[in-house]
Amino acid sequence: MESDVFPDLGKVAENMSDEKQNMPHHVAIIMDGNGRWAKARGWPRLKGHQEGANSLRAILRACRDHGIKYLTVYAFSSENWVRPKSEVSGLMNLLKTFLRKQEHELHENKVRLRMIGRMADLPAAVQQELERVMAATAHYTEHHLILALSYGSRTEITEACRAIAREVKAGQLDPEKITEQTVAQQLYLPDVPDPDLLIRTSGEMRISNFLLWQISYSELYVTPVFWPDFREQEFAAALADYAKRHRRFGDIK
Ligand code: IPE
Ligand code: IPE
Ligand code: MG
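Read on for a plain summary of the structure.

What counts, and where the lines are drawn
- Residues numbered from 1 in each chain as written.
- Chains lettered and ligands numbered in written order.
- Predicted model: local features only at pLDDT ≥ 70, side-chain atom pairs only at ≥ 80, totals over all residues.
- Heavy atoms only, no water.
- Near = heavy atom within 4 Å.
- Polar contact = N/O pair within 3.5 Å; in protein donor to acceptor, adjacent residues only side chain to side chain.
- Areas by Shrake-Rupley, 256 points an atom, 1.4 Å probe, with all protein chains shown as cover.
- Helix = DSSP H or I, 4+ residues; strand = E, 2+ residues; numbered from the N terminus.
- Nonpolar A, V, L, I, M, F, W, Y, C, P; charged D, E, K, R; others polar.
- Pairing = 2+ DSSP bridges.
- Axes fitted to C-alpha atoms, helices over the stretch in contact; angles between N-to-C directions.
- Contact = heavy atoms within 4.5 Å.
- Buried < 20%, exposed > 50% of the residue type's maximum accessible area, 1.4 Å probe, protein only.
- Core = buried A, V, L, I, M, F, W, Y, C linked by side-chain atoms within 4.5 Å.

Some details on the site of ligand 1
Here's step 1: Surrounding ligand 1, one finds 13 residues, the nearest of these being Asp-32, Gly-35, Arg-36, Arg-45 and Arg-83.
Here's step 2: In this structure, an oxygen atom belonging to ligand 1 sits 3.2 Å away from a main-chain N or O atom of Asn-34.
Here's step 3: Calculation on ligand 1 without its partners gives an accessible area of 370 Å², and the protein chains cover 87% of this total.
Here's step 4: When contributions to the shell around ligand 1 are tallied by element, the ones reaching two or more residues are helix H2 (34–39), helix H3 (45–66) and helix H4 (85–108).
Here's step 5: By residue number, the principal contributor to the shell around ligand 1 is H2, which donates three residues.
Here's step 6: In terms of residue class, the shell around ligand 1 is built from three nonpolar, five polar and five charged.

Right, here's the structure in full:
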């Protein structure tokens, strides 16, 4: 008998499993708007970056709670080096602090830290800290936090082309046998599945050289909220929006 008081548990379970099916496996985020967030308060840009680091902590926790396996965040682009020296060094220091402060929680939640981008561009102290935390968490498989640092998608694809050309030149690869898989295998983290959902904060409708190959079929979500204000609730709204999407992958179904 139907009852309003006692819900049909079969239906509840069905809805729950539906919701689970519509959860992204991999979320990528362009964390934008730190500077404008600070400016609106009359504060230095670095304050925005500091508060942005707190958003990253909050979203990482939310990924754990929602059972999202991969989180890739754009933290510093290959184009960001042109910013004033003081902002770049402030960001690099913040990154070091973030790694040190976050290590405990990464272990607690079994999160593996990884990076994409040109490691060699980063200051030696940042490289050391990154290498250390990545090695210390390398055995975790449940959750992955991927930091895009000195990252540029065109550089990533160019480096992949170079590696493939070397194999061809060495006679190890027939150009006619090059497939999409061959290219994907040469990108920074070939074992990581493509993002299902790409979020950009601060309202900008652009990709800014982020994961061009990998986001071919990602669902896009742009919110006007600045990154330092993007917390669990905003993230839950993005996930709810994603859950309603119908991914067709070229089909008509
Ligand atoms: C994103 O915030 C963080 C980085 C690019 C490092 P911005 O610093 O780009 O902030 P806005 O876009 O100037 O507000
Ligand atoms: C993209 O933001 C890079 C990061 C969030 C790290 P930008 O602020 O650098 O992008 P543009 O310059 O507005 O396209
Ligand atoms: Mg920006």
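Regarding the site of ligand 2
Here's step 1: Neighbouring ligand 2 are Ile-30, Met-31, Asp-32, Tyr-74, Ala-75, Phe-76, Asn-80, Arg-83, Arg-200, Arg-206 and Ser-208.
Here's step 2: Here an oxygen atom of ligand 2 and a side-chain polar atom of Arg-200 are 3.4 Å apart.
Here's step 3: Contacts to ligand 2 include Arg-206, whose side-chain N or O atom sits 2.8 Å from an oxygen atom.
Here's step 4: Look at ligand 2: alone it shows 390 Å² of surface, and the protein chains cover 78% of it.
Here's step 5: In terms of residues, the shell around ligand 2 owes the most to one element, strand S2 (residues 70–77), which gives three residues.
Here's step 6: Broken down by class, the residue content of the shell around ligand 2 amounts to five nonpolar, two polar and four charged.

What to know about the sheet that holds strand S4 (residues 143–151)
Here's step 1: If you walk across this open sheet you meet the six strands as S3-S4-S2-S1-S5-S6, and the pairing is parallel. Two strands in the sheet have a free side with no partner beyond their single neighbour: strand S3 (111–116) and strand S6 (219–222). Averaged over neighbouring strand pairs, the angle between their axes works out to 20° when direction is ignored.
Here's step 2: Across six bridges, S3 lies against S4 in parallel orientation. Each bridged residue has a counterpart across the sheet, and for Arg-114 the counterpart in S4 is Ile-146.
Here's step 3: Along the sheet, helix H5 (residues 124–136) contacts S3 and S4; its crossing angle with S3, the most-contacted strand, is approximately 140°.

Brief notes about the side chain of Gln-214
Here's step 1: Among the secondary structure elements, Gln-214 is positioned in the loop between strand S5 (197–200) and S6.
Here's step 2: Residue classification places Gln-214 among the buried residues on the basis of a relative accessible area of 12%.
Here's step 3: With sequence-adjacent residues up to four places away left out, Gln-214 is seen in contact with Tyr-151, Glu-156, Leu-187, Asp-194 and Pro-195.

Considerations on the nonpolar core
Here's step 1: Core analysis: the biggest nonpolar cluster contains 41 residues, and Leu-71, Leu-130, Leu-145, Leu-147 and Phe-235 have the highest contact counts within it.
Here's step 2: Among the elements that make up this core, the one with the highest residue count is H4 (seven residues).
Here's step 3: Among all residues touching Leu-130, those that are not within four sequence positions of it are Leu-99, Leu-113, Met-115, Met-119, Leu-122, Leu-147 and Leu-149.
Here's step 4: In this structure, Ala-28, Leu-198, Phe-210 and Ile-215 belong to the second largest nonpolar core, which totals 14 residues.

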